[in-house]
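# Survey of secondary and tertiary structure
Below, each chain spelled out in residue letters.
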Amino acid sequence: MSAGTFVLPGPLPGGRASGAKHASIADDTRVVEEVVRRVRSHLASPAASTLFTIQASVSARHIHVTRAALDATYGAGYELTPVKDLSQPAQYASKETLTVVGPRMRCIADVRILGPCRGYTQVELAPTDGRILGLAALPIRESGHLDGALPVTLVGPVGSATVSAAIRPTRHIHMSPDEARSRGMTANERVTLRVGGEAGVIFTNVLIRVHDRYRLDLHLDTDDANAAGLVGGEWVDVLRG
Ligand SMILES: [Zn+2]
């Protein structure tokens, strides 16, 4: 059975084969009502095809920098100041921020740098951030895959760097190899998320990222989180993609 299809259990009212002639309108109405009732109850069932549950984390706009980009914006040899550990081991939010400038001089100030320095500079934005900067069509990319990333200028206290680095990150779940194995997940597969509640949303194309330096965490950008009414810490269902 493929995703999105299911079997309606049991016979339908009237006990007639589909296509039988001379059925009354009342019979047809009862059949339709019963199908609707069963579809609704299937969709409402929290257990339906849930693989596991996970707590959501909201990933606000942020920047990863190379050594060269940090040199250009904060000065040669400048070292980031860690202020908060992140969920992924050895990753931290730094005290340092940059102003991101888009086309036509539109900018967002105080965008946090996450350390340590990486081999690439990457500016991770939600679509709303992109609109503010005049970057209407942010490409959705996995971290480190920057083909087609949009150019922005990063301005720090001592200088600036212009880099093709702006992306919307692919929705993703980090997990260690053990965490993947115990959940029957494989690296790079895509799953679906179901967020319940009044603002419930189904999110597709959630990438499973597996690495021995990762720890279980779901990362949604601020637009996705806002759409689903999530502030972080809520449990959501992971379904087969
Ligand atoms: Zn992440």
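Attention here is on the structure that accompanies the text. Everything numeric here is computed off the predicted structure, so don't read it as measured data. (Residues numbered from 1 in each chain as written. Predicted model: local features only at pLDDT ≥ 70, side-chain atom pairs only at ≥ 80, totals over all residues.)

## A word on the overall build of the chain
Let me state the cut-off plainly: The helix and strand labels rest on DSSP assignments: H or I over at least four residues marks a helix, E over at least two residues marks a strand, and numbering proceeds from the N terminus. By definition, residues are in contact whenever their C-beta atoms, placed on the basis of the backbone, come within 7 Å of each other.
Within the chain one finds five helices and 14 strands. Once local pairs closer than 6 in sequence are excluded, the contacts in the chain between residues at least 24 apart make up 68%.

## Quick notes on the sheet that holds strand 11 (residues 190–195)
Backbone hydrogen bonds are what pair the strands of a sheet, in a parallel or an antiparallel way. For clarity, the threshold we go by: When DSSP finds two or more bridges between two strands, those strands count as paired. Angles run from 0 to 180 degrees between N-to-C directions of axes, and those axes are lines fitted to C-alpha atoms, restricted for helices to the stretch in contact.
Pairing is mixed around the closed barrel formed by six strands, whose spatial order is 1-13-10-12-11-14. Strand-to-strand twist of the sheet, defined as the mean angle between neighbouring strand axes without regard to direction, takes the value 40 degrees. Pairing geometry for strand 10 (residues 172–175) and strand 13 (residues 217–221), over three bridges, is antiparallel. Note that in strand 13 the partner of His174 across the bridge is Asp217.

## Some thoughts on the pairing of strand 9 (residues 160–169)
Heads up, the rule is: Put plainly, a residue is buried at 20 or more neighbouring C-beta atoms within 10 Å of its own, exposed at 12 or fewer, and partly exposed in between, counting only other residues' C-beta atoms, which are placed from the backbone.
With seven of ten residues buried, strand 9 is to be regarded as a mostly interior element. Two elements, strand 6 (residues 122–124) and strand 9, share two bridges in a ladder whose sense is parallel. In the strand pairing of strand 9, Glu124 is matched with Ile167. As judged from the two bridges shared by strand 7 (residues 140–141) and strand 9, these two strands associate in the parallel manner. Of the residues in strand 9, the one forming a bridge with Ile140 is Arg168. Bridge analysis of strand 8 (residues 150–155) against strand 9 gives six bridges, and the strand direction is antiparallel. In the sheet register, Val155 faces strand 9, and the bridge partner there is Ser160.

## Overview of the environment of Gly148
Among the secondary structure elements, Gly148 is positioned in the loop between strand 7 and strand 8. Residue classification places Gly148 among the exposed residues on the basis of 12 C-beta atoms within 10 Å. Taking the C-alpha atoms as reference points, Gly148 and Ile167, 19 residues apart in sequence, are found 8.5 Å from one another.

## Quick word on the pairing of strand 11
On strand 11, burial follows the alternation: Val191, Leu193 and Val195 on one face are buried, whereas Arg190, Thr192 and Arg194 on the facing-out side are not. Two elements, strand 11 and strand 12 (residues 201–210), share five bridges in a ladder whose sense is antiparallel. Within strand 12, the residue paired with Val191 across the bridge is Val206. Taking the residues between adjacent antiparallel strands as the criterion, strand 11 and strand 12 are bridged by five residues, where Gly197 takes a positive phi near 90 degrees.

## A look at the environment of Gly197
Mapped onto the elements, Gly197 comes out in the loop between strand 11 and strand 12. Put simply, Gly197 and Ala228 are 31 residues apart on the chain and 8.5 Å apart in space, counted from C-alpha to C-alpha.

## A short note on the nonpolar core
For clarity, the cut-off: Defined on buried residues, the nonpolar core groups Ala, Val, Leu, Ile, Met, Phe, Trp, Tyr and Cys residues joined through C-beta atoms within 7 Å.
One finds Ile63, Ala69, Val100, Val123, Val152, Leu154 and Ala166 to be the most contacted residues of the largest nonpolar core, which totals 24 residues. If you list the elements that add at least two residues to this core, you get helix 2 (67–74), strand 4 (92–101), strand 5 (107–115), strand 8 and strand 9. Among the elements that line this core, the one with the most residues is strand 9, at five residues. Every residue in contact with Val152, bar those within four places of it in the chain, is listed here: Val100, Val101, Gly102, Val123, Leu133, Val163, Ala165 and Ala166. Membership of the second largest hydrophobic core comes to 17 residues, among which are Ile54, Ala180, Val191 and Val238.

## A closer look at helix 2
Stated formally: By construction, the arc corresponds to the directions joining the helix axis to the C-beta atoms.
Every buried residue of helix 2 is accounted for by Ala69, Leu70, Ala72 and Thr73. Buried residues of helix 2 fall within an arc of 165 degrees about the axis and therefore sit on the same side.

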